[in-house]
Amino acid sequence: MTFIQIWQRTQITGITIAPPETSLLIIFETAFFEHLVPLVRCQNPEVNHLRKLPMSSSAPVAPSKDKLNVLSFTGKNKILHLGWMAFFLTFFVWFNHAPFLSAIGETLNLSKDQIKTLLILNVALTIPARVIIGMLTDRFGPRIVYTAILAIGAIPCFTFAFAQDYNTLALSRFLLGFVGAGFVVGIRLMSDWFPTNELGTAEGIYGGWGNFGSAAAALLLPTIAIGAAAVFGGDEGWRYATATSGVVMALYSIIFYKMARNTPKGATYFKPKKSGAMMVTSSGDFWLMMVFKLPMYLALALLAWKLSPDGVSLLSQSSVTMVYIGLAILYVYEFVSSYRFNKEVFTTPVPVAHRYDFKQVGILNILYFATFGSELAVVSMLPLFYQETFSLSIVMAGVLASSYAFMNLMSRPGGGWLSDKFGRKITLLILTAGLAIGYLLMGFLDSTWPLALALLITMFCSFFVQAGEGAVFAVIPLIKRSMTGQFAGMTGAYGNVGSVVYLTVLSLVSYQVFFFVIAATAVAGFFALFFLKEPEGIIIEEMPDGTFAEIQVSHR
């Protein structure tokens, strides 16, 4: 290795060494880089935005000319389809109880409070699970992690389907919250298969089409239940329907494992340099990270409160107090372990190759709190809102409310496409503003409004909500590729935190105030966006052999 090479490498890794004379450097750099060592591309036939730095001796590979095409089932497009179908099935199973709440209550003689508790338990575990799954994905790769979620998640699905008592039913529903964390796996998978100018669209299709699994469960499972009741008799067709969803998910885990790959052939799967906690690259980022971790613990404490005697009375006050103490201890433990993991940043500057700005993640957390958090909350209350506000039948209210979820098929991919086309920051600013206006208008809805106009406003709001979700995850993979799973896990968890907060607000105020509160958080997200940096230029990731690769992150 020549001195020029050594000096170049030390500038990236952060090792200090005196540079050669400037004039000699220019001469030798020109000769070296233009004639002796041309830039070679990483061995990656699909992702042509990845480029090895000069220290690599890999042979160049011609970039792929394949484009994103949803009608194609080869190459990276096959991975896109495998990914969204995996996400679709996890959401299908996660919400397989929703159409049968009344039937489940009749079968097991449940009270209304017990049924409400099932809804709480269904989202409780998803908050920590998304963070954990994100770390596992970065460590072991999407193929193994998604397969495990699909296969293992079928077990609590079966125990829920054939539960004979409420305790088994409740525990199974709680454990199924882990299935809801599958979303973050595909975010990392798409980022390793699609170039920057297609990444937002690919992430949007993955998220939008996969997220439709919850609506598909409401549409398809009742039909399966009716057919099962006709074949087996009795009034417990819901058991066979929910169990069927678990069987399909378990079978798909085999298909996914055999057909999916973490990266295109010859490409590198970037992993964090260290595992065990989230890495930050400055002391300021450490404190900011710990501030953003706190709301996740507070949301879990809020869920515990809802299960207390002041809520649905599933847990005794002493048990809830123990939960509060346990959460406090866990936060202190995470604080200490994160400090130990990142203590070097307080004394030693982090090399350029490993730096990122955690503020980017924090801002996206706020936006996903307002977008996906509000979607989860609104989807659960919108049928009742329509029923009570416009005096509709349960069936008609459900049909109209479903328009909110159906928008996912186009809105979320649309948000990703707009980000690819016009830039990440400006797209988020426009969509967040539209989100605030949409919820503000919904706050003014009452029985005096024409039903058609109310439906139009609902769909208008839904578009900006779900397009905003797509735009958020068009940015996540461009912060630091090797930590995409962890960032997606944390941001995804904030969506669940938002739903818990919004639903709690709904239990205390009117529908109108509920919508105004969501609009206010969207306004807060809008102003936070002014501190977001538009992803530009390149990010640098370290290869397994110690050399470095450049990843283009500009949207054009």
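The shown structure was predicted, so the numbers you read here are calculated from the model rather than taken from an experiment.

Right, let's get into the overall build of the chain. Helix and strand counts for the chain stand at 22 helices and three strands. Taken across its 556 residues, the chain has 55% of its residues classed as buried. Here the analysis covers contacts within the chain between residues at least 6 apart in sequence; of these, 79% occur between residues at least 24 apart. Approximately 23100 Å² of the chain is accessible, and the part contributed by carbon and sulfur atoms is 69%.

Take the pattern of salt bridges next. Two side chains bearing opposite charge may form a pair once their charged atoms approach each other closely. Going through the model one piece at a time under the given rule, you end up with 10 salt bridges. Put simply, Arg-188 and Asp-192 hold a salt bridge, and the shortest N to O gap is 2.8 Å. The pair formed by Arg-188 and Asp-192 is uniform in burial state, with each residue classed as buried. Linked by salt bridges that have partners in common, Asp-138, Arg-188, Asp-192 and Arg-481 make up one network.

Within the sequence span of helix H8 (residues 154-161), burial applies to Ala-154, Pro-156, Cys-157, Phe-160 and Ala-161. All buried residues of H8 lie within an arc of 165° about the axis, which places them on one face of the element. Along its buried surface, H8 packs onto helix H3 (75-94), helix H4 (101-108), helix H7 (142-152), helix H9 (166-175) and helix H13 (237-259).

Here the structure, examined in full by the defined rule, presents 43 aromatic pairs. Aromatic side chains Phe-87 and Phe-183 sit 5.1 Å apart centroid to centroid with 45° between the ring planes, which places their arrangement in the tilted category. Residue Phe-87 is located in helix H3, and its partner Phe-183 is located in helix H10 (residues 183-191); the two are separated by 96 residues in the primary sequence. Owing to a relative accessible area of 1%, Phe-183 belongs among the buried residues under this scheme. Here a set of aromatic residues connected by ring pairs shows up, and it is made of Phe-87, Phe-91, Trp-94, Phe-95, Phe-183, Tyr-206, Tyr-368, Phe-372 and Phe-473. In this structure, Arg-143 packs its charged tip against the face of Tyr-257, placed 3.9 Å from the ring centre.

This brings us to the packing of helix H16 (residues 358-390) against helix H19 (residues 424-443). Interaxial distance between H16 and H19 falls to 12 Å at its minimum, and their mutual angle equals 35°. Of the two elements, H16 crosses H19, and the hand of that crossing is left-handed. The residues of H19 that touch H16, namely those facing Leu-364, Leu-367, Ala-370, Thr-371, Ser-374, Glu-375, Val-378 and Leu-382, are Leu-428, Thr-432, Leu-435, Tyr-439 and Met-442. Classifying every residue of the contact of H16 with H19 gives nine nonpolar, three polar and one charged.

In this fold, Thr-147 is placed in helix H7. On the basis of relative accessible area, Thr-147 is assigned to the buried category, the value being 13%. Here Thr-147 is in contact with Pro-142, Ser-253, Phe-256 and Tyr-257, once residues within four sequence places are set aside.

Mapped onto the elements of the fold, Arg-173 is located in helix H9. Since its relative accessible area comes to 0%, Arg-173 is described here as buried. Sequence separation between Arg-173 and His-97 is 76 residues; the distance between their C-alpha atoms is 8.8 Å. Excluding its chain neighbours within four sequence positions, the residues that come into contact with Arg-173 are Val-93, Trp-94, Phe-95, Asn-96, His-97, Leu-118, Leu-121, Asn-122 and Phe-160. Within the structure, the side chain of Arg-173 is placed 2.9 Å from the side chain of Asn-122, a separation counted as a polar contact.

The backbone phi angle of Asn-109 is positive, close to 55°, even though this residue is not glycine. Within the element layout of this structure, Asn-109 appears in the loop between H4 and helix H5 (112-124). The exposed category is assigned to Asn-109, whose relative accessible area is 68%. Of note, Ser-391 is a non-glycine position whose phi angle comes to about 55°, a positive value. Secondary-structure assignment places Ser-391 in the loop between H16 and helix H17 (394-406). What makes Ser-391 exposed here is its relative accessible area of 66%.

Looking at the secondary structure, you find Ser-338 in helix H15 (residues 317-342). Of note is the side chain of Ser-338, whose polar atom sits 2.8 Å from the backbone oxygen of Glu-334. In contact with Ser-338, not counting residues within four places along its chain, are Ala-277, Phe-286, Met-289 and Met-290.

Another aspect to go through is the environment of Tyr-166. Relative to the helices and strands, Tyr-166 resides in helix H9. With near-sequence residues (within four places) excluded, Tyr-166 lies in contact with Leu-110, Gln-114, Thr-117, Leu-118 and Leu-314. Engagement of the side chain of Tyr-166 in a polar contact is seen with the backbone oxygen of Gln-114, the distance being 2.8 Å.

About the thresholds
- Residues numbered from 1 in each chain as written.
- Predicted model: local features only at pLDDT ≥ 70, side-chain atom pairs only at ≥ 80, totals over all residues.
- Heavy atoms only, no water.
- Helix = DSSP H or I, 4+ residues; strand = E, 2+ residues; numbered from the N terminus.
- Buried < 20%, exposed > 50% of the residue type's maximum accessible area, 1.4 Å probe, protein only.
- Contact = heavy atoms within 4.5 Å.
- Areas by Shrake-Rupley, 256 points an atom, 1.4 Å probe, with all protein chains shown as cover.
- Salt bridge = Lys/Arg side-chain N within 4 Å of Asp/Glu carboxyl O.
- Arc of directions from axis to C-beta.
- Phe/Tyr/Trp six-rings, centres within 6.5 Å; stacked < 30°, edge-to-face > 60°.
- Lys NZ or Arg CZ within 6 Å of the ring centre and 35° of its normal.
- Axes fitted to C-alpha atoms, helices over the stretch in contact; angles between N-to-C directions.
- Left-handed = near helix turned anticlockwise from the far one by under 90°.
- Nonpolar A, V, L, I, M, F, W, Y, C, P; charged D, E, K, R; others polar.
- Polar contact = N/O pair within 3.5 Å; in protein donor to acceptor, adjacent residues only side chain to side chain.

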